[in-house]
Amino acid sequence: MKKYILTFTALLTVSVAFAQSSANARNILDKAYSTYENSKGIRMVFNVTTTDEKGTAYQVQKGTALAKGNKFKIEMPTIDTWFDGKTQWVLMKDINEVNINNPSNEEIASISPLALLSMYKTGYTLNAPVSKTINGKSAFVIDMTPTAGKSDFKKVSVSIDKKTSTVLQVDIILKDGMKNKIDIGDYNANYNFPDSEFVFDKDNHKGVEIVDLR
């Protein structure tokens, strides 16, 4: 479960020797961050492709993410996650159980779309943006290498649409050798979600066992 949350995935993420190139990369990421931060609600459809350290690819996981500020909801085939800014609900569909907890600031920094999109601001070395075609669109691809030894990530590559300043793709290499590629097929920033969208509603999930870990 952790690797899927770490990869929403994003959902969704960024040296004096490279001062000029880092500045260009930072400007591009600033625009993408601003697009998210200024929206009243974003809906993203994504696919996650996971490859283990031996090169074995797992079945593609499809999902949808709804986000507003530091609130989000992530829907995937086996797990749904809600976060209302304080409390998190994780519904494990295969066992019909939802776990409730109040994650720490450090924990939520790894799963909040807003926190992930802002991670480039500190603790990462940014390479110069490279122009590529990603999923049929013209994009800037920026490689980010963490400077902090405690990061779960070894390397992150973010592809930003040149026209819309939205995220098209994220490639993540974890320290254990696992690789995750997140392709975003639909990014719509025109939603105005009510706060209730980011709260688990037990009335809509009859029969689900609730485990309160707070």
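The structure under discussion appears in the preceding block.
Okay, so let's go over this structure.

Each value, and the rule that gives it
- Residues numbered from 1 in each chain as written.
- Predicted model: local features only at pLDDT ≥ 70, side-chain atom pairs only at ≥ 80, totals over all residues.
- Heavy atoms only, no water.
- Helix = DSSP H or I, 4+ residues; strand = E, 2+ residues; numbered from the N terminus.
- Buried < 20%, exposed > 50% of the residue type's maximum accessible area, 1.4 Å probe, protein only.
- Areas by Shrake-Rupley, 256 points an atom, 1.4 Å probe, with all protein chains shown as cover.
- Core = buried A, V, L, I, M, F, W, Y, C linked by side-chain atoms within 4.5 Å.
- Polar contact = N/O pair within 3.5 Å; in protein donor to acceptor, adjacent residues only side chain to side chain.
- Contact = heavy atoms within 4.5 Å.
- Phe/Tyr/Trp six-rings, centres within 6.5 Å; stacked < 30°, edge-to-face > 60°.
- Lys NZ or Arg CZ within 6 Å of the ring centre and 35° of its normal.
- Salt bridge = Lys/Arg side-chain N within 4 Å of Asp/Glu carboxyl O.

## A look at the overall build of the protein chain
Then, in step 1: Secondary structure summary: the protein chain contains 4 helices and 13 strands in total.
Then, in step 2: When each of the 214 residues of the protein chain is scored for burial, the buried share is 47%.
Then, in step 3: Total accessible area computed for the protein chain in this model is approximately 10,900 Å², and 48% of it derives from carbon and sulfur atoms.

## Here's the deal with the nonpolar core
Then, in step 1: L29, F46, M144 and V156 are the most contacted members of the largest nonpolar core, which has 35 residues in total.
Then, in step 2: Among the elements that take part in this core, helix α2 (residues 19–37) stands out by supplying 6 residues, more than any other.
Then, in step 3: Within the second largest apolar cluster, 7 residues are counted, among which are W82, I100, F200 and V208.

## As for the side chain of K73
Then, in step 1: On the secondary structure map, K73 appears in strand β3 (residues 71–75).
Then, in step 2: Overall, K73 belongs to the buried group, its relative accessible area being 11%.
Then, in step 3: In this structure the side chain of K73 is engaged in a polar contact, spanning 3.0 Å, whose partner is the side chain of E75.
Then, in step 4: Setting aside residues up to four positions removed in sequence, K73 forms contacts with T64, A65, L66, T81, W82, E197 and F198.

## Overview of the packing of aromatic side chains
Then, in step 1: Counted under the stated rule, the structure contains 4 aromatic pairs.
Then, in step 2: Taking the centre distance of 5.2 Å and the plane angle of 75° together, the rings of W82 and F200 count as edge-to-face. Taken as a pair, W82 in strand β4 (residues 79–83) and F200 in the loop between β12 (179–188) and β13 (209–212) lie far apart in primary sequence, 118 residues in all.
Then, in step 3: Under the relative-accessibility criterion, F200 is labelled buried at 9%.
Then, in step 4: Taken together, a centroid distance of 5.1 Å and an interplanar angle of 10° make the contact between Y191 and F193 stacked.
Then, in step 5: Under the relative-accessibility criterion, Y191 is labelled partly exposed at 32%.
Then, in step 6: Members of the aromatic cluster, connected to one another through ring pairs, are Y191, F193 and F198.
Then, in step 7: Positioned over the ring face of Y33 is K121, at 4.5 Å from the centre of the ring.

## Comments concerning the environment of D195
Then, in step 1: Along the chain, the position of D195 falls in the loop between β12 and β13.
Then, in step 2: Exposure remark for D195: the relative accessible area of 44% places this residue in the partly exposed category.
Then, in step 3: Distance in space between the C-alpha atoms of D195 and F72 is 9.5 Å, their sequence separation being 123 residues.

## A short note on the pattern of salt bridges
Then, in step 1: As enumerated under the stated definition, the model contains 9 salt bridges in all.
Then, in step 2: A salt bridge links K73 to E75, with the shortest nitrogen-to-oxygen separation between them at 3.0 Å.
Then, in step 3: A relative accessible area of 29% means that E75 is categorised as partly exposed.
Then, in step 4: Of the charged contacts in the structure, one is a salt bridge between R214 and D212, with a shortest N-O distance of 2.6 Å.
Then, in step 5: Accessibility expressed as a relative area gives 41% for D212, which makes it partly exposed.

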